[in-house]
2 protein chains.
Amino acid sequence: MHGGHSHPDGDCCSSESPDRSASAVETLRQKGLRITEARRAMIRTLALSSIPLSADALHQKVGTDKVDRVTVYRSLDAFELAGVVQRHPLEKGRSLYALAATDHHHHHLVCRQCGKIERLSSCDTTAIEAAAKKRGYTQLTHVLEIYGLCPTCSHG
Amino acid sequence: MHGGHSHPDGDCCSSESPDRSASAVETLRQKGLRITEARRAMIRTLALSSIPLSADALHQKVGTDKVDRVTVYRSLDAFELAGVVQRHPLEKGRSLYALAATDHHHHHLVCRQCGKIERLSSCDTTAIEAAAKKRGYTQLTHVLEIYGLCPTCSHG
DNA sequence: ATGTCTGCAAATCCTTTGCATTTTA
DNA sequence: TAAAATGCAAAGGATTTGCAGACAT
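Residues numbered from 1 in each chain as written. Chains lettered and ligands numbered in written order. Predicted model: local features only at pLDDT ≥ 70, side-chain atom pairs only at ≥ 80, totals over all residues. Heavy atoms only, no water.

### Things to note about the side chain of glutamate 129 of chain B
Then step 1. Its place among the elements puts glutamate 129 of chain B in helix 5 (residues 126-134).
Then step 2. One buried charged side chain, glutamate 129 of chain B, makes no salt bridge at all; its nearest oppositely charged neighbour is lysine 133 of chain B, positioned 5.9 Å away.
Then step 3. Ignoring anything within four residues of it in the chain, the contact list for glutamate 129 of chain B reads Ile146 of chain A together with Leu140, Thr141 and His142 of chain B. (Helix = DSSP H or I, 4+ residues; strand = E, 2+ residues; numbered from the N terminus. Buried < 20%, exposed > 50% of the residue type's maximum accessible area, 1.4 Å probe, protein only. Lys, Arg positive; Asp, Glu negative; His and termini not counted. Salt bridge = Lys/Arg side-chain N within 4 Å of Asp/Glu carboxyl O. Contact = heavy atoms within 4.5 Å.)

Listed below in structure tokens is the structure:
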């Protein structure tokens with residue numbers, strides 16, 4: 001059990017919108033960030049991926065010779081800050097990144113055995129965030145991931 | 001921003017039950033785990049803490065001369081597996097550990113500025129877990145943490 | 001006694017930082 | 001050409017592993 005999951009590239013996060021890359025790039029531009037080949041490549045890769053990717057996976061897919069690992073980290077940070085990618089923290093402390101859903105915020109279902117990740121449509125943490133607001137907290141964000149064994153792994 | 005938060009030791013996680021340590025130890029025994037001085041000390045420390053502790057904080061509180069850092073990690077793993085501690089993953093990938101609430105599962109409100117942690121009474125992820133079950137997932141667990149700026153830090 | 005835990009040391013993994021160089025706007 | 005982004009190298013910090021000795025049951 002380590003980084004080498006063979007994700008069966010499910011339907012998670014696949015988007016209907018024809019060009020998510022373009023809008024992501026546009027957002028970056030609006031935020032005053034610069035568009036480089038490295039960033040285009042990363043965004044393109046994220047847009048094509050049907051599942052959220054780890055920094056390392058993204059580095060691999062983009063091509064370790066094309067972009068430096070450090071650049072991947074720095075760009076992902078910038079992207080997250082700009083709101084074009086959503087970070088999904090995992091149990092072990094690693095994170096996965098995906099192009100921020102243009103439609104709505106969501107979370108994932110992660111199989112702890114095979115690593116498969118499915119998208120969950122809804123995100124209703126309103127009640128719990130309301131409690132936080134009531135306590136005077138501001139700038140609220142949250143992390144919610146569900147773990148379990150997928151149907152296949154359940155029967156293993 | 002690092003390990004050295006000066007948590008104002010709030011009321012989070014403080015428990016009314018007189019002896020949480022004892023029941024935790026009992027659970028370990030039932031699970032076939034061995035009770036050592038190191039483990040007693042760690043459980044005692046966790047039981048006394050009003051807030052979840054990082055592995056390092058626990059190490060410090062127990063006494064770096066009493067127990068090795070490695071033992072802390074290994075024990076926390078064992079404790080988590082045995083269900084006597086609940087792990088709370090943080091945004092940056094670090095984790096905090098607290099004696100599993102004997103009463104009911106809960107989550108936290110974390111100030112990203114000062115690091116203060118408050119307990120949130122309820123945990124209602126039933127709807128989202130139901131969706132997971134419907135997809136055939138088993139052995140479900142989840143991670144839910146809310147981040148924001150506490151009242152004090154909001155005005156800073 | 002014997003399988004578990006522990007300590008020590010070293011390794012590993014992921015991520016971050018410093019700085020000189022290249023690139024975008 | 002000024003600010004931002006990149007690559008390289010090296011540092012950093014948290015966690016993990018290997019193994020011999022200590023300990024609980």
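Text resumes after the structure shown.
### A few points about the protein's contact with DNA strand C
Then step 1. Neighbouring DNA strand C are 19 residues, the closest being Arg34 and Tyr73 of chain A together with Arg34, Thr36 and Thr71 of chain B.
Then step 2. In the interface set of DNA strand C, defined as its atoms within 4 Å of the protein, sugar plus phosphate atoms amount to 59%.
Then step 3. Measuring from a phosphate oxygen of DNA strand C, one finds a backbone N or O atom of isoleucine 35 of chain A at 3.2 Å.
Then step 4. Those elements that place two or more of their residues in the surface near DNA strand C are helix 4 (69-82) of chain A together with helix 2 (37-48) and helix 4 (69-82) of chain B.
Then step 5. When the residues that make up the surface near DNA strand C are grouped by side-chain class, the tally is seven nonpolar, three polar and nine charged. (Near = heavy atom within 4 Å. Polar contact = N/O pair within 3.5 Å; in protein donor to acceptor, adjacent residues only side chain to side chain. Nonpolar A, V, L, I, M, F, W, Y, C, P; charged D, E, K, R; others polar.)

### What to know about the sheet that holds strand 1 (residues 53-54) of chain B
Residues and elements named next belong to chain B.
Then step 1. The sheet built from three strands is open, its strands ordered 1-3-2 with antiparallel pairing. On the outer flanks of this sheet lie strand 1 and strand 2 (85-89), each paired with one strand and no other.
Then step 2. As paired strands, strand 1 and strand 3 (residues 95-99) are joined by two bridges and run antiparallel to one another. Looking at strand 3, one finds that leucine 53 is bridged to tyrosine 97. (Pairing = 2+ DSSP bridges.)

### Digging into the protein's contact with DNA strand D
Then step 1. The full set close to DNA strand D counts 22 residues, and Arg34, Thr36, Thr71 and Arg74 of chain A together with Tyr73 of chain B are the nearest of them.
Then step 2. A breakdown of the atoms of DNA strand D within 4 Å of the protein gives sugar and phosphate a share of 64%.
Then step 3. A distance of 2.9 Å separates a phosphate oxygen of DNA strand D from a polar side-chain atom of arginine 39 of chain A.
Then step 4. Among the secondary structure elements, those contributing two or more residues to the surface near DNA strand D are helix 2 (37-48) and helix 4 of chain A together with helix 4 of chain B.
Then step 5. In terms of residue count, the dominant contributor to the surface near DNA strand D is helix 4 of chain B (five residues).

### A look at the packing of helix 2 of chain B against helix 3 (residues 55-62) of chain B
All names here are of chain B.
Then step 1. At a minimum axis distance of 10 Å, the contact between helix 2 and helix 3 shows a crossing angle of 105°. When the interaxial angle is binned, helix 2 and helix 3 end up roughly perpendicular. Each of Ala41, Met42, Thr45 and Leu46 in helix 2 lies in contact with helix 3, whose residues at this interface are Leu58, Lys61 and Val62.
Then step 2. Tallied by class, residues from the contact of helix 2 with helix 3 come to five nonpolar, one polar and one charged. (Axes fitted to C-alpha atoms, helices over the stretch in contact; angles between N-to-C directions. Parallel < 35°, antiparallel > 145°, perpendicular 65-115°, else oblique.)

### Things to note about helix 2 of chain B
Residue and element names in this part refer to chain B.
Then step 1. With twelve residues, helix 2 should reach 16 Å at 1.5 Å per residue; the first-to-last C-alpha distance of 16 Å fits that figure.
Then step 2. Turning to helix 2, its buried residues number three or more, namely Ala38, Arg39, Ala41, Met42, Ile43, Thr45, Leu46 and Ala47.
Then step 3. Each element contacted by the buried residues of helix 2 is listed here: helix 1 (20-30), strand 1, helix 3, helix 4, strand 2 and strand 3. (Expected span 1.5 Å × (residues − 1).)

### So, the sheet that holds strand 1 (residues 53-54) of chain A
Then step 1. The antiparallel open sheet is built from three strands, whose spatial order is 1-3-2 (chain A). With partners counted over all chains shown, the strands left at the sheet margins are strand 1 and strand 2 (85-89) of chain A, one partner each.

### Here we look at the interface of chain B and chain A
Then step 1. Each side of the interface is counted separately: chain B has 37 residues, and chain A has 37 residues.
Then step 2. Across the interface of chain B and chain A, roughly 3,100 Å² is buried in total on both sides, 55% from carbon and sulfur atoms.
Then step 3. Connecting chain B to chain A are zero salt bridges.
Then step 4. Counting the contacts that link chain B with chain A gives zero residue pairs in polar contact (both at pLDDT 80 or more).
Then step 5. Within the residue set of the side of chain B that touches chain A, elements represented by two or more residues are strand 2, strand 4 (107-111), strand 5 (117-120), helix 5, strand 6 (138-149) and helix 6 (151-155) of chain B.
Then step 6. Among the elements that take part in the side of chain B that touches chain A, strand 6 of chain B stands out by supplying twelve residues, more than any other.
Then step 7. When grouped by side-chain class, the residues that make up the side of chain B that touches chain A number 17 nonpolar, eleven polar and nine charged.
Then step 8. Bridge analysis of strand 6 (residues 138-149) of chain A against strand 6 of chain B gives nine bridges, and the strand direction is antiparallel. Its bridge partner lying in strand 6 of chain B, threonine 138 of chain A is registered against leucine 149 of chain B. (Buried area = accessible area lost by both parts, 1.4 Å probe.)

### A closer look at the confidence of the model for chain A
Then step 1. Averaged over all residues, the pLDDT of chain A equals 79, while 77% of them reach at least 70.
Then step 2. Within the model, the stretch residues 1-11 of chain A combines pLDDT values under 50 with 16 contacts to residues more than four positions away or in other chains. (pLDDT = per-residue confidence, 0-100.)

### With respect to the relation of the copies chain B and chain A
Then step 1. Each copy superposes on the other: chain B lies on chain A with an RMSD of 0.3 Å after a rotation of 178° and an axial shift of 0.1 Å. Both copies of the chain, as the preceding transformation shows, are related through a two-fold rotation axis.
Then step 2. Interface overlap between copies is the fraction of interface residues in one copy that are interface residues in the other; for chain B against chain A it reaches 97%, indicating a shared surface. (Least-squares fit on C-alpha atoms with pLDDT ≥ 70 in both.)

### Let's talk about the environment of arginine 40 of chain A
Residue and element names in this part refer to chain A.
Then step 1. If you trace the backbone, arginine 40 turns up in helix 2.
Then step 2. Under the relative-accessibility criterion, arginine 40 is labelled partly exposed at 33%.
Then step 3. For the pair arginine 40 and alanine 22, spaced 18 residues apart in the sequence, the C-alpha separation amounts to 9.3 Å.

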